[in-house]
Amino acid sequence: MASSSDSSQPNRGDGDGDGDGSSPLHPELLQFCSRAQTLISELFLLSDRIPSEFLDRRFDPVLFDLRYLDSPGAFESRIEGNAALEALEDQVRESCSEFLKRFFLLANGAVLYYLELLRYLDSMQEGLSLQCTLDSVLDDECSRQLLTESIQLFGCFLLLVEHRIGGLLREKLLVTHLRFSRCFNSPNIKHICSFCRMHRAASDMKYDVNPFSLRSTTIYIENPEDILARFPFPKLVVDAIICALRNADLYDQIRHYPDPQHRSMALSLQSRCMYVLLFYSPEFLHDGFIMREIVDRFFKDHWVVPLFLHHAVDLFVSWDAFKEAKSSLSSCHSPTLVRDCCQNHCKKVRHLSSEIELILSNGVLTKDYVLDRFQNLFSLVRDCNVALRWLLLHRICIDRKLREIVTSVGIAEQVDEDCLLAFLLRTSQLEFQLKQLFVELLENKESFWHEKKHCVSRCIEELSGYLSRSWASSCKIKNENLKDWFEKLSVEVYSLDHKQPGISGRIVYRIISALKDILKLHQVRSLSPLMIEENLQVKKSLLEMEKHLQDMIKANSLSNDSLLTFSVITDATYAWGYVSRLGGLLGRMIEGDPSVMRILHMFFLKFKKWMDVPLSRIAQSQSADLQCTSNYYFSQFAAQICSTLDIVPGLLLGLFKEDGIHDRSFYLANRVDKEKLQEFMQMDLLLKSGRAANKICVISQGIMVISRNFLGLINMDLKDWLVEQIIKGLKMQIQNKLNSFFLSSSVSRGTLEIDMRMLSTYIQSQMQMMEILQDLLHINGRSIWEEVLANFLKESARNFLQEHSELIKQKRDVEFSSALLNSISKSKTFFGNLLIQVLQLTDPSRSMFIEPMSGWFDAEGNELLGLLFFDVLDSCIGQAGLCILDSLLCILVKNSLEHALSCLNSRLDCRILEELRKMDGNLGPAPSLPLLGWTSYKSMIKMGNESMDPLVSCFATTGQLQLLRCFVAFKLRSSSKDRSTGRMIGFGCESHGLYRLQQPSLVGSAATSRSG
């Protein structure tokens, strides 16, 4: 596949290629590689979006495998006439048609790719074109890479298809599309069926697959050679490529890993190609001599091989059917050798961790430090990545015995997942800072070179002038010869050119050698203090000039090739699958130490190549698929970042929950007694609040750095995402708190008011918490709080009305009274619980409303509910909540009156209507006085007393609700006036620049109409 760095790209422009990377000698091969990478990205996208219908057992009767093609009529007869199955089929057709079409295009694209590549290889093998023969392709470095990748990527694609979309699922997807689109005669249908046919392993599963190895990381496929045998390539071409891989450094990676112990690491890109190509020519796997050579060259110290990005394979499982191959592998990876190798890497992790800590602490890592020791620093980074790669890859191997050895040794050596995560973070931090300083040195290389060159020239002039006068005369040297020598030296320094590093470097080395000889030759001891002082001055000038010349040599060694080496050795695409697994550990680490957020962007930047690797050939070929393919990988990268940061919003909202901070209001009083000042200051609370604010600042800084570093790289606005997550978390907190606040089915005197005061304190503290977040995170915290609270109250009101309407429908014959409302003993909404308890306290059968006292009282004269309760209620839910409560009461009044009219209509039977007509006749004309006087009403009053008694409780409930509405309207009116006055005062203070008073918007026309 494509290399994980720029060094794998053809013709890197460093003088090793025959042309530029944009115009390879065989552009057809580049197009094949580009198409293969596009197919793999489309496979990833589709496998992440499998329709739920194909994973639901209920739809199995209408989803068929390839046996359908043998006798379609028999399968169709199962559905015809069955209404339930036809409904399921219609549902699949409606929701999955687009996905099925896209899957069929993927399968057809894979088949077309294979047929076209096979035709190209056949023509190349037969030598139909003099410019495109197998020998000419293998002789060119760029073409050799592309030819290898064109076959290897397709084989990798087939294995990934089997891994991410199982065979039975592929068959169901294909048959369902063929049935719906009626395209049984499509071109290449036989090859497409072969592509989708389920792979049946030769034996049962013999390995205990690690749960973390499934789907996203380790590929477990038995007999993979059977899958690749469905689409074979010319054996001569495959064998020639394998021979080239055995003998050459295909991607020129060994120069980046000079240590012989890292040889298999340097050839890791070739090893994945070798793994796939061996299955296209399995004869090599049965040859013990050749396999021993291949294992010693490519797999001597590892058996888990990254196949594509973070997908890896276990050679012990893949080669299980090949005795010679597995025997060669086992000879290098016996349990004892595996244990020793794991211990060695674990010890390296501990040792390297201490070295990194020393470098990253106390400002050690500076430009001068990097300039003096960048080769040693590169070696340190290389060792860190080699140790990380081995430990992370082999912790996910499928072979249970070897996996347990790796895990147990890690635990014994205290190198568990937490330690590996901390080591990975520190390594990422070192790489980021080192690369930043190195790039800065590289960009300023020319100016730095000229600066040091100028310093050397100045030193030569000073020495020439000084030595020509006093020191030369004391040593009896002719001034003319000394002057000529310094002039010649000055000319040599002036001729130095940074664009000719080889020539300039030799001249600088010769000058340094000459200066050292002069320093040794002319260190003359003298008893005269003046001569000693002069010698010291000369020595100082010579050493200073030597230092400048050495800096020029170091600057001369800075090159883009070193930066390329750094890019290769820091590749971590193999570990991307670990990011999701380590996300939980990373979240706990952030929770314990928020300063981790400051280096989190360095951690994610280490995996940036995960987006670049699968796009390398697509970008080189300038394919039109680059945009859509890059969008997929960038979106996956952004989703992983957001998934890792999921803990941040909850952490921000939970910082003030510690030690009861969230149960207190932080607003200051206008006057404090001197004796209570110490108690009022609440120093412990202020200390906890300060620590919480500091954590918020650190987290905010980390998020800002992540946004800045990924700006333009991925389409993601972390600030908007953070606001959305805070809204979601805040909404959940409010729901849990308010919905569970009133749980008792009965309420006593004073309990409701006490509970409301506690709730008011919680609401005020949460509001101030959002104001703090507003200042520290630069978000509209107050607006977010008001919006979330208002939306919750509206939703609670809608849910209560739905419960109420359902209850009314179920109990149409029951009289509408307070007893009916009290029967909702366990309402699931805030307003439901609140109204139930308020109506219990103000029940006309248990309480009395006394207008002068503005409240409800019991028989003993104790106040049950009054104006004070509505003051507390206003501090909890605000004007918007009071408006919603007023609307709810209005709807209840309306329902009560409707029920009263319904009851009245039901009471007006024939007998009452006859009595009314008789009374109308007795009363006479309307303008006149009743003829019979009071006696005309007696019979009707008697009958009304008998039939209208059930309406009394309904009218009492209506009056109770209307009284509550009057209290709510009064509180709305007074609150609106208070806020209007406060707003005018605030405007006056703001005009004098004293402070800025932020007030929420008023309730609106509803409150205005009620106050009027």
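All figures in this text were calculated on a predicted structure; none of them were measured in a lab.

The rules behind the values
Residues numbered from 1 in each chain as written. Predicted model: local features only at pLDDT ≥ 70, side-chain atom pairs only at ≥ 80, totals over all residues. Heavy atoms only, no water. Helix = DSSP H or I, 4+ residues; strand = E, 2+ residues; numbered from the N terminus. Buried < 20%, exposed > 50% of the residue type's maximum accessible area, 1.4 Å probe, protein only. Contact = heavy atoms within 4.5 Å. Areas by Shrake-Rupley, 256 points an atom, 1.4 Å probe, with all protein chains shown as cover. Core = buried A, V, L, I, M, F, W, Y, C linked by side-chain atoms within 4.5 Å. Pairing = 2+ DSSP bridges. Salt bridge = Lys/Arg side-chain N within 4 Å of Asp/Glu carboxyl O. pLDDT = per-residue confidence, 0-100. Axes fitted to C-alpha atoms, helices over the stretch in contact; angles between N-to-C directions. Parallel < 35°, antiparallel > 145°, perpendicular 65-115°, else oblique. Left-handed = near helix turned anticlockwise from the far one by under 90°. Phe/Tyr/Trp six-rings, centres within 6.5 Å; stacked < 30°, edge-to-face > 60°. Patch = residues over 30% accessible without salt bridge, like charges linked within 9 Å, V, L, I, M, F, W, Y side chains within 5 Å. Nonpolar A, V, L, I, M, F, W, Y, C, P; charged D, E, K, R; others polar. Bend = angle between axes of the 7 residues up to and from the residue.

A. Focus on the overall build of the chain. Within the chain, the regular secondary structure consists of 42 helices and six strands. Scored against the burial criterion, the 1012 residues of the chain give a buried share of 51%. Restricting to contacts in the chain with at least 6 residues of sequence separation, those with at least 24 account for 80%. With an accessible surface of roughly 48700 Å², the chain has 53% of that area assigned to carbon and sulfur atoms.

B. Focus on the nonpolar core. Counting 267 residues, the largest nonpolar core has Phe157 and Trp319 as the members making the most contacts within it. Per element, the largest residue contribution to this core is 18 residues, and it comes from helix α3 (residues 83–126). Residues in contact with tryptophan 319, not counting those within four places in the same chain, are Tyr275, Leu278, Phe279, Leu285, Met291, Val295, Phe299, Ala325, Lys326 and Leu329. Core analysis: the second largest hydrophobic core is formed by 19 residues, Phe486, Leu489, Leu496 and Ile511 among them.

C. Here's a closer look at the sheet that holds strand β2 (residues 304–308). Read across the sheet, three strands follow the order β1-β3-β2 without closing on themselves; strand pairing throughout is mixed. A strand with exactly one partner marks an edge of an open sheet, and here the two such strands are β1 (218–219) and β2. Note that β2 and strand β3 (residues 311–314) share four bridges and pair antiparallel. Residue pairing for β3: proline 306 is matched across the bridge by alanine 312.

D. The pattern of salt bridges, seen in detail. All chains considered together, the criterion is met by 35 salt bridges. Taking the shortest distance from any N to any O, the salt bridge between arginine 246 and glutamate 293 comes out at 2.7 Å. One end of the pair, arginine 246, is in helix α9 (residues 235–247); the other, glutamate 293, is in helix α12 (residues 288–298), with 47 residues separating them in the sequence. One salt bridge in this structure joins glutamate 753 and arginine 757, with 3.4 Å as the shortest N-O distance. Taken together, the positions of glutamate 753 and arginine 757, both in helix α34 (residues 751–777) and four residues apart, correspond to about one turn of that helix. By relative accessible area, glutamate 753 is classed as partly exposed at 25%. Take arginine 757: its relative accessible area is 41%, and that puts it in the partly exposed class. Here the residues in one salt-bridge network are Arg57, Asp60 and Lys172, joined through shared partners.

E. Summary view of the confidence of the model for the chain. For the chain, mean pLDDT is 80; residues scoring 70 or higher make up 81% of the total. Scored below 50 in pLDDT, residues 209–215 makes 19 contacts in the model with residues more than four places away or belonging to other chains. pLDDT under 50 marks residues 982–1012. Its contacts with residues more than four places away, or in other chains, come to 33 contacts.

F. Expanded view of the packing of helix α30 (residues 647–654) against helix α33 (residues 718–739). For the pair α30 and α33, the least separation of the axes is 9 Å and the interaxial angle reads 55°. In terms of orientation, α30 lies oblique with respect to α33. At the point where α30 passes α33, the crossing takes the right-handed sense. Facing Val648, Pro649, Leu652 and Leu653 of α30, the residues of α33 in contact are Trp721, Leu722, Gln725, Ile726, Gly729, Leu730 and Gln733.

G. Structural view of the packing of aromatic side chains. On inspection of all chains with the given rule, the structure shows 40 aromatic pairs. With a centroid separation of 5.0 Å and 90° between ring planes, the pair formed by tyrosine 275 and phenylalanine 279 is classed as edge-to-face. Linking tyrosine 275 with phenylalanine 279, this pair stays in helix α11 (residues 268–280), spanning four residues, or about one helical turn. The exposure classification of tyrosine 275 matches that of phenylalanine 279, with both residues buried. Ring geometry for tryptophan 303 versus phenylalanine 316: centroids 6.2 Å apart, planes at 75°, classification edge-to-face. Here tryptophan 303, found in the loop between α12 and β2, pairs with phenylalanine 316, found in helix α13 (residues 315–318); they are 13 residues apart in sequence, far enough to count as distant. What makes tryptophan 303 buried here is its relative accessible area of 1%.

H. Expanded view of the pairing of β3. Across the two faces of β3 the burial is the same, with His311 and Val313 and Ala312 and Asp314 all buried. Looking at chain direction, β1 and β3 are connected through two bridges and run parallel. When the sheet's bridge partners are listed, threonine 218 is paired in β3 with alanine 312.

I. Representation of a nonpolar patch on the surface in the model. Nonpolar side chains collect at one region of the surface, where Val672, Leu677, Phe680, Met681, Met683 and Leu686 lie side by side and expose about 500 Å² of accessible area between them. Mapped by element, the contributors of at least two residues to the nonpolar patch are α31 (677–681) and α32 (683–709). Residue position: leucine 677 is located in helix α31. Judged by relative accessible area, leucine 677 falls into the partly exposed class, the value being 42%.

J. Inspection of the sheet that holds strand β5 (residues 855–857) at higher detail. The strand order across the open sheet built from three strands is β4-β5-β6, with neighbouring strands paired in antiparallel fashion. The two strands at the open ends of the sheet, each matched to only one other strand, are β4 (848–850) and β6 (863–866). For this sheet the average axis-to-axis angle between neighbouring strands, irrespective of direction, equals 30°. Across three bridges, β4 lies against β5 in antiparallel orientation. Paired with isoleucine 850 across the two strands is glycine 855, which belongs to β5.

K. Region of interest: unusual backbone geometry. One non-glycine residue, glutamine 414, lies in the positive phi region at around 60°. On the accessibility criterion, glutamine 414 (64% relative accessible area) is exposed. Its identity is not glycine, yet serine 854 carries a phi of approximately 55°, on the positive side. Residue position: serine 854 is located in the loop between β4 and β5. Overall, the relative accessible area of 23% leaves serine 854 in the partly exposed class.

L. Focus on the packing of helix α15 (residues 335–360) against helix α17 (residues 400–412). Viewed as axis vectors pointing N to C, α15 and α17 meet at an angle of 35°, and their least axial separation amounts to 9 Å. In terms of crossing hand, the pair formed by α15 and α17 is right-handed. Along the contact surface, α15 presents Pro335, Val338, Arg339, Cys342, Gln343 and Cys346, while α17 presents Lys401, Leu402, Ile405, Val406, Val409 and Gly410. Split by residue class, the contact of α15 with α17 holds eight nonpolar, two polar and two charged.

M. Just the side chain of serine 194, in detail. According to the relative accessible area criterion, serine 194 is buried, its value standing at 15%. Apart from the residues within four sequence positions on either side, serine 194 is in contact with Arg230 and Phe231.

N. Up close: helix α16 (residues 367–394). The axis of α16 is deflected most strongly, by about 80°, at arginine 373. The element α16 is extensively covered by neighbouring structure, given that 20 of its 28 residues are classed as buried.

O. The environment of glutamine 837, seen in detail. Along the chain, glutamine 837 turns up in helix α37 (residues 830–841). Owing to a relative accessible area of 2%, glutamine 837 belongs among the buried residues under this scheme. Measuring from C-alpha to C-alpha, the distance between glutamine 837 and leucine 752 comes to 7.6 Å, with 85 residues separating the pair along the chain.

P. Spatial organisation of the side chain of threonine 427. Note that threonine 427 resides in helix α18 (residues 417–443). What makes threonine 427 buried here is its relative accessible area of 1%. Aside from chain neighbours lying at most four places away, what touches threonine 427 is Ile356, Cys384, Asn385 and Leu388.

Q. Expanded view of the pairing of β6. As judged from the three bridges shared by β5 and β6, these two strands associate in the antiparallel manner. Paired with tryptophan 856 across the strands is leucine 865, a residue of β6.

R. Quick look at the environment of glutamine 436. Within the secondary structure layout, glutamine 436 lies in helix α18. Among the residues examined, glutamine 436 registers a relative accessible area of 48% and is labelled partly exposed. With 69 residues separating them along the chain, glutamine 436 and lysine 367 place their C-alpha atoms 9.7 Å apart.

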